[in-house]
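Results of the structural survey
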Amino acid sequence: MADQPTENQETIKKIKDLIKDEKVAMLTTASPEGKLMSRPMHTQEVEMDKEAIWFITEKDTEKYRDIDHNPAVNLAYVGKSYVSISGTAEFVQDDNKKKEYWNKILGKLLNTSADDPNVVLVKVTPEIAEYWESGISVKTVKEFVKKMASSNSLEEDNDLKDTVHFNENRK
C-alpha cells in the first residue's frame with residue numbers, strides 16, 4: 001500500500017503534466033507599496049518531485065526588488081488548461097545551473113551572458129496550486145451536464161478542477 005500514490009501526489013503529477021509544455025508563466029509579485037504586478041517569465045524547468053520551478057532574471061529589475069522585499073509569488077499558466085501556483089520565490093546563484101539553462105535567445109533578450117553577476121536564478125517553491133481543465137472537449141461537456149443535472153454545486157466532486165497543498169507531502 002505504501003507504494004500507491006496519494007490523491008495529493010496524483011494531483012501534483014496532473015499539474016506538472018498540465019504545465020510541462022507551457023513555456024511562459026505570468027509571475028505575479030507584490031511591490032513594497034503592496035501593488036500586484038504580473039510579468040511573463042520563461043519557465044526553465046519544472047521539478048515537481050523537488051518542488052521547484054526555475055526561472056532566470058536580472059538583479060536590476062523591479063521583479064527582483066519585489067521578490068527581495070516579499071518572496072510570496074503566484075505563477076499563472078494558460079494553455080489547454082489554467083493552472084495557478086502560489087509559492088515562495090528565492091534567488092539562487094548556481095553558475096552551473098545558469099549555464100545549463102542558458103541559450104542564445106536568452107542572451108539576446110537580456111543582452112548579456114550566463115557569466116554576468118547581474119543574472120540570477122529564481123526558484124519558486126510551490127505551496128498551493130489549483131487547476132481548471134478547459135476547452136470544449138467531451139470530458140468538459142459531460143462534466144458540465146452532470147453538474148447541471150445534479151443537486152450538488154459546481155464545486156463539489158468536480159473532475160475538471162482540483163487543488164493541491166504541497167506542504168502535505170512534507171510530513
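Above: the structure in question.
Residues numbered from 1 in each chain as written. Predicted model: local features only at pLDDT ≥ 70, side-chain atom pairs only at ≥ 80, totals over all residues. Heavy atoms only, no water.

Pairing between strand β1 (residues 24–30) and strand β2 (residues 36–42): seven bridges, direction antiparallel. In the sheet register, valine 24 faces β2, and the bridge partner there is histidine 42. What sits between the antiparallel neighbours β1 and β2 is a turn of five residues, in which glycine 34 has the positive phi angle 90°. (Pairing = 2+ DSSP bridges. Helix = DSSP H or I, 4+ residues; strand = E, 2+ residues; numbered from the N terminus.)

Here we take up unusual backbone geometry. Peptide bonds are trans in most cases, and residues, glycine excluded, mostly fall at negative phi. Although it is not a glycine, glutamate 51 adopts a positive phi angle of roughly 55°. Among the structural elements, glutamate 51 can be located in the loop between β3 (45–47) and β4 (52–58). The buried category is assigned to glutamate 51, whose relative accessible area is 12%. One non-glycine residue, asparagine 111, lies in positive phi territory at about 55°. Inspection of the secondary structure puts asparagine 111 in the loop between α4 (104–110) and β7 (119–133). (Buried < 20%, exposed > 50% of the residue type's maximum accessible area, 1.4 Å probe, protein only.)

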